Amino acid sequence: MSTLVFYSEFDSFEEWSALLSPYLPGITLCRAGEVKDPDAVEFALVWKPPHGFFGPYRNLKLLVNLGAGVDSLVGRDDLPEIPIIRLSDPNMGRMMAGYVLFAVLRYARDIPAFERAQRERRWHYLHPRLPSTVRVGVLGLGELGSYAAMELARQGFDVHGWSRSQKSLEGIVCRSGMTSLDEFLAGSDILVVMLPLTPQTQGLLSAERLAKLPRGGAFINVSRGAIVDQAALTQALSNGNIGEATLDVFDREPLPPDDPLWAMDNVLITPHLASVAIPATAAQQVAENIQRLARGEPVLNQVFPARGY
């Protein structure tokens, strides 16, 4: 009997096991620390496994990544040449779009100013702006980025998107390529970072590029902290070049307690939860790919870590 090994510090093995077992009657599901026969492990369901994790599993045939980002699988010497798939759950897209919409609306409606006024017991009126007057730039138009951009456009915002290769999305001005990046940044009153982390995007938002954003604008990052020069971002938030930020990801996670971002009243911090895999809706997708592999059929939603997506 083959085995599926599970590893995640954030996801529930009990929940995934209960949902997957009915679909995979001939497969044993177990936690990484409970594998009795490494040679029986043919499938892995993981999120950010430690270095060397895959070494004992010489017969591994399929890896399922418990999320959209695959940067933790890049450059590993313990991972064999096998198909890698990511979860492509519509609920992950909805969850991400909801978080992004919340963050954008919070700035478009000046909610942080009202929060500060409330703490000071001060009645503070700011006239609402029309969404069409707020330029929102979505940096990264992959599956999640496109979903979020379309939702923002549906709400009436002036949405611009940027991606490495040209995309076409109804109601959204799409740009592509490095030559257009500075202009894209300069036209984003609210920037939403949704790029995958790859060798090409690591450190992409340097101090020089952050300086291209309109002074006093808002910055939202729901992708990966390493895409941004975090020290430069902190400095820009301190001197007002960037007015507000919602940060779900950081260059070190958990964010260290002594990091200056914690104490900044123009920063909202959340612990990397803008979008997560929902077992109840994703389990069937995982099982289907395992079944497709057993039948000799191509798997769905295959990713290539070297490309980052």
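Coordinates for the structure precede this section.
For the structure given in this document, a descriptive report is provided here.

## Notes on the pairing of strand β4 (residues 62–65)
Then, number 1: Burial of the side chains of β4 extends over both faces: L62 and V64 are buried on one face and L63 and N65 on the other.
Then, number 2: Note: strand β3 (residues 41–46) against β4, four bridges, orientation parallel. In the sheet register, L45 faces β4, and the bridge partner there is V64.

## Points about the pattern of salt bridges
Then, number 1: Following the criterion strictly, the structure yields 16 salt bridges and no others.
Then, number 2: Notably, a salt bridge pairs D78 with R76, separated by 3.0 Å at the nearest N-O pair.
Then, number 3: Judged by its relative accessible area of 10%, D78 falls in the buried class.
Then, number 4: Residue R76 is classed as buried on the basis of its relative accessible area of 16%.
Then, number 5: With its nearest N and O atoms 2.9 Å apart, the salt bridge here joins E151 to R154. One end of the pair is E151 and the other is R154, both in helix α4 (residues 143–154) and three residues apart, which spans about a single turn.
Then, number 6: By relative accessible area, which is 16% here, E151 ends up buried.
Then, number 7: Linked through salt bridges whose partners overlap, the residues forming this network are E14, R31 and E34.

About the cut-offs
- Residues numbered from 1 in each chain as written.
- Predicted model: local features only at pLDDT ≥ 70, side-chain atom pairs only at ≥ 80, totals over all residues.
- Heavy atoms only, no water.
- Buried < 20%, exposed > 50% of the residue type's maximum accessible area, 1.4 Å probe, protein only.
- Helix = DSSP H or I, 4+ residues; strand = E, 2+ residues; numbered from the N terminus.
- Pairing = 2+ DSSP bridges.
- Salt bridge = Lys/Arg side-chain N within 4 Å of Asp/Glu carboxyl O.

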